[in-house]
Amino acid sequence: MDYSKPAITRASSIRVDLAQGHVAALKYLEKDCDSKVFNLGTGKGYYVIEMAKAFEAACGKRMPYKIAGRRAGDIASCYADASFAEKELGWKAKLYLAKMCEDLWCWQSYNPTGFSTEN
């Protein structure tokens, strides 16, 4: 791995953390109608291999993957700086990668077709 910081797939807070962040933003709007942008996330990037291992642990199954070189256009890292949300909203993600993967696996297990109404 030749990146100076972890490259990630889009990792965001689990639903409860994210919902609490949105509630905090709505409460903020009630007292200050000024439009502002808040990043809601953990503020930490993860290596793709960390994501794969966390999903394996969450689902209890081996996930096939292949380590390969960079693709053209790949960025070195991408993650949310949520410090403004913490400062202005008093919100900070509480749970991190392992719990995010467990939550996602649980949701997907109960919703195998995603948001589709077909079974």
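Residues numbered from 1 in each chain as written. Predicted model: local features only at pLDDT ≥ 70, side-chain atom pairs only at ≥ 80, totals over all residues. Heavy atoms only, no water.

### Details of the pattern of salt bridges
Heads up, the condition is: Any Lys or Arg side-chain nitrogen located within 4 Å of an Asp or Glu carboxyl oxygen qualifies as a salt bridge. A helix here means a DSSP run of H or I that spans at least four residues, while a strand means a run of E at least two residues long, and both kinds are numbered starting from the N terminus. Buried, partly exposed and exposed residues are distinguished by accessible area as a fraction of the type maximum, computed with a 1.4 Å probe on protein chains only: under 20%, between the cut-offs, and over 50%, respectively.
What the rule picks out here adds up to 3 salt bridges. As a salt-bridge pair, glutamate 56 and lysine 53 come within 3.9 Å of each other at their nearest N and O atoms. Taken together, the residues glutamate 56 and lysine 53, both in helix H2 (residues 48-59) and 3 residues apart, mark about one turn of the helix. Arginine 71 is paired through a salt bridge with aspartate 74; the nearest N and O atoms lie 3.1 Å apart. Owing to a relative accessible area of 62%, arginine 71 belongs among the exposed residues under this scheme.

### Side note on the confidence of the model for the protein
The criterion, for reference: One confidence number per residue, pLDDT, is output by the predictor and ranges from 0 to 100. Here, residues are in contact when the closest pair of their heavy atoms is within 4.5 Å.
Across the protein, the average pLDDT comes to 82, with 86% of residues at 70 or higher. No element of the protein has a lower mean pLDDT than helix H4 (residues 97-110), which averages 85, and none a higher one than helix H3 (residues 83-89), which averages 94. In this model, residues 7-13 is a region of pLDDT below 50 whose contacts with residues beyond four sequence positions or in other chains number 21 contacts.

### Considering the environment of aspartate 81
What counts here: Polar contacts, as used here, are pairs of N or O atoms within 3.5 Å; protein pairs need one atom able to donate a hydrogen and one able to accept it. Residues neighboring in sequence count only if both atoms are side-chain atoms.
With respect to the element layout, aspartate 81 can be found in the loop between H2 and H3. Along the primary structure aspartate 81 and threonine 42 are separated by 39 residues, whereas in three dimensions their C-alpha atoms are 7.7 Å apart. Here serine 83 takes part through its side chain, which lies 2.8 Å from a polar atom of the side chain of aspartate 81.

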